[in-house]
2 protein chains.
Amino acid sequence: MGIEEPYKDKKVITIGVVRELTGLSDRQIRYYEERKLIFPVRSKGGSRKYSFSDIEQLMLIADKIEDGVQTHEIRQELAREIKHHKADVRSMIQGQLNAQFGTRRP
Amino acid sequence: MGIEEPYKDKKVITIGVVRELTGLSDRQIRYYEERKLIFPVRSKGGSRKYSFSDIEQLMLIADKIEDGVQTHEIRQELAREIKHHKADVRSMIQGQLNAQFGTRRP
DNA sequence: CGTGTAAGGAATTCTGACACG
DNA sequence: CGTGTAAGGAATTCTGACACG
């Protein structure tokens, strides 16, 4: 499990390109940010910059919205995913430690 | 040898971000395009869009310029690289064909 | 709740040209 | 040759608000 796709998470894409790539309106894209579903960074001048991950995330969000899921529900799902992801990272690190030093057994 | 880094070649980055990421001026970036060293695509409105590959390419170009290499020389080097790359692809495909069907031997 | 829209302003980018060397 | 710059215009993005439902 190595480091891959170094570009996927770099926030370098303007909202216009995101609009084209996702098919969403800027209004929608900005609204999902307002509802804490997506977190672009800002350029010096104040314009939003998104990553490819953000674009994928937006397409997932759009699917759920279409299915009638409300933004606050989506936000909760996201929180759960992050929690699980953190747990995964924790257990992976634990696994590496065990592999290196053996399982602790007093 | 599979398909990797699906984002590396997507032309989605505006010149302002390229300027920040490379440290070059827009003048320089546009000039290298004029000299056929880099090939951004255009948005509907006419603004340039670059890929991460383009950014890496620009940094290589900048290094060579600093070393006193002229743009037309760099362009020739690029042409050679493309030629070699095409030869590599050709021999790789040939290798796959041989692996699949055996070397032709009448 | 989620989205469209008109409004006004600010930041971004574009081209062609002049300058220096 | 490679790059800076001032000029004027066009495309892009921003925010806050009103509207509908």
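The coordinates are above.
Along every chain, residues carry numbers that run from 1 in the direction the sequence is written. The order in which chains are written sets their letters, starting at A; the order in which ligands are written sets their numbers, starting at 1. Side-chain atom pairs in this predicted model are given and counted only at pLDDT of 80 or more, local residue features only at pLDDT of at least 70, and totals for whole chains, interfaces and linings cover all residues. Side-chain metrics rest on all non-hydrogen atoms present in the structure, leaving aside hydrogens and water.

1. Observations concerning the interface of chain A and chain B
Contacts are assigned to residue pairs with any non-hydrogen atoms lying within 4.5 Å of each other. In this complex, chain A contributes 15 residues to the contact, which on the side of chain B involves 15 residues. Here's the idea: put two parts together, see how much 1.4 Å probe accessible area each one loses, and the total over both is what we call buried area. Where chain A abuts chain B, roughly 1300 Å² becomes buried across the two surfaces, and 69% of that area is made up of carbon and sulfur atoms. Between Lys or Arg on one side and Asp or Glu on the other, a salt bridge is scored when a side-chain nitrogen of the former is within 4 Å of a carboxyl oxygen of the latter. The tally of links between chain A and chain B comes to zero salt bridges. Whenever two N or O atoms come within 3.5 Å, that pair is a polar contact, provided that in protein one can donate a hydrogen and the other can accept it, and provided that, for residues adjacent in sequence, both atoms are side-chain atoms. One can count two residue pairs in polar contact (both at pLDDT 80 or more) joining chain A with chain B. Secondary structure elements follow DSSP: runs of H or I of four or more residues count as helices, runs of E of two or more count as strands, with numbering from the N terminus. Counting only elements with at least two residues in the side of chain A that touches chain B, the list comes to helix H1 (15-22) and helix H3 (52-66) of chain A. A per-element tally of the side of chain A that touches chain B places H1 of chain A first, with three residues. Ten residues, namely Ala, Val, Leu, Ile, Met, Phe, Trp, Tyr, Cys and Pro, are considered nonpolar, four, namely Asp, Glu, Lys and Arg, are considered charged, and the remaining ones, Gly among them, are considered polar. Of the residues belonging to the side of chain A that touches chain B, the class tally is seven nonpolar, one polar and seven charged.

2. Examining the relation of the copies chain A and chain B
To superpose the copies, least squares is applied to the C-alpha atoms of every residue with a pLDDT of at least 70 in both. Overlaying chain A on chain B yields an RMSD of 0.0 Å, the required transformation being a rotation through 180° with an accompanying axial translation of 0.0 Å. The relationship between the two copies is best expressed as a two-fold rotation axis. When the interface residues of chain A are mapped onto chain B, 100% of them again lie at the interface, so the same face is used by both copies.

3. Focus on unusual backbone geometry
A positive phi is found at Lys36 of chain A, a non-glycine position, where the angle reads about 65°. Mapped onto the fold, Lys36 of chain A is located in the loop between helix H2 (26-34) and strand E1 (41-42).

4. Description of the protein's contact with DNA strand D
Only a single heavy atom is needed: when it lies within 4 Å of a molecule or strand, its residue is near that molecule or strand. In the vicinity of DNA strand D, 21 residues are found, and the nearest of them are Arg48 of chain A together with Ser25, Tyr31, Tyr32 and Thr71 of chain B. Atoms of DNA strand D within 4 Å of the protein belong to the sugar or the phosphate in 74% of instances, the rest to bases. Residue Gly16 of chain A places a main-chain N or O atom 3.0 Å away from a phosphate oxygen belonging to DNA strand D. In this structure, Tyr31 of chain B approaches DNA strand D through a side-chain N or O atom, which is 2.7 Å from a phosphate oxygen. Those elements that place two or more of their residues in the surface near DNA strand D are H1 and H2 of chain A together with helix H2 (26-34) of chain B. Looking at the surface near DNA strand D residue by residue, the classes come out as four nonpolar, 10 polar and seven charged.

5. Regarding the nonpolar core
Here the nonpolar core consists of buried residues drawn from Ala, Val, Leu, Ile, Met, Phe, Trp, Tyr and Cys, with membership extended through side-chain atoms lying within 4.5 Å. Each residue gets one of three labels from its accessible area relative to the maximum for its type: buried under 20%, exposed over 50%, partly exposed in between, using a 1.4 Å probe on protein chains only. Core analysis: the largest hydrophobic core is formed by 38 residues, its most contacted members being Ile13 of chain A together with Ile13 of chain B. Sorting the residues of this core by element identifies H1, H2, H3 and helix H4 (71-101) of chain A together with helix H1 (15-22), H2, helix H3 (52-66) and helix H4 (71-101) of chain B as the ones contributing at least two each. When near neighbours in sequence (up to four residues on either side) are disregarded, Ile13 of chain A contacts Val18, Arg48, Lys49, Tyr50, Ser51, Phe52 and Ile55 of chain A together with Val12 of chain B.

6. Considering H3 of chain A
Taking 1.5 Å per residue, 15 residues should reach 21 Å; H3 of chain A reaches 21 Å between its end C-alpha atoms and fits that length. The set of residues buried in H3 of chain A consists of Phe52, Ser53, Asp54, Ile55, Leu58, Ile61 and Ala62 of chain A. The inward-facing, buried residues of H3 of chain A abut H1, H2 and H4 of chain A together with H3 of chain B. Following H3 of chain A by one or two positions, Gly68 of chain A has its phi on the positive side, about 90°. Any helix carries an expected span of 1.5 Å times its number of residues minus one.

7. Side note on a nonpolar patch on the surface
Where nonpolar side chains cluster on the molecular surface, the patch consists of Val89, Met92, Ile93, Leu97 and Phe101 of chain A and spans about 460 Å² of accessible area. Note on placement: Phe101 of chain A falls in helix H4. Residues forming no salt bridge and having over 30% relative accessible area are the ones grouped into patches, like charges within 9 Å of each other and nonpolar side chains (Val, Leu, Ile, Met, Phe, Trp, Tyr) within 5 Å. Each accessible area is a Shrake-Rupley result for a 1.4 Å probe, and residues are judged covered by the shown protein chains and nothing else.

8. Some points on the packing of H3 of chain B against H4 of chain B
Residue and element names in this part refer to chain B. Inter-axis angles, ranging from 0 to 180 degrees, are taken between N-to-C directions of lines fitted to C-alpha atoms, where helices are fitted over the stretch in contact. Packing of H3 against H4 leaves a shortest axis separation of 10 Å and a crossing angle of 135°. Relative to H4, the element H3 is oriented oblique. You can see that H3 and H4 cross each other, and the crossing is right-handed. Of the residues in H4, those in contact with Gln57, Ile61, Lys64 and Ile65 of H3 are Thr71, Ile74, Glu77, Leu78 and Glu81. Here the contact of H3 with H4 is composed, by residue class, of four nonpolar, two polar and three charged. Angle categories are assigned with fixed cut-offs, so that under 35 degrees is roughly parallel, over 145 is roughly antiparallel, 65 to 115 is roughly perpendicular, and the rest are oblique. Handedness of a crossing is defined here by the sense of rotation of the near helix relative to the far one, left-handed for an anticlockwise turn of less than a right angle and right-handed for a clockwise turn.

9. Regarding the environment of Glu5 of chain B
Residue position: Glu5 of chain B is located in the segment before H1. For Glu5 of chain B, the residues in contact, after removing those within four places along its chain, are Pro6 and Tyr7 of chain A.

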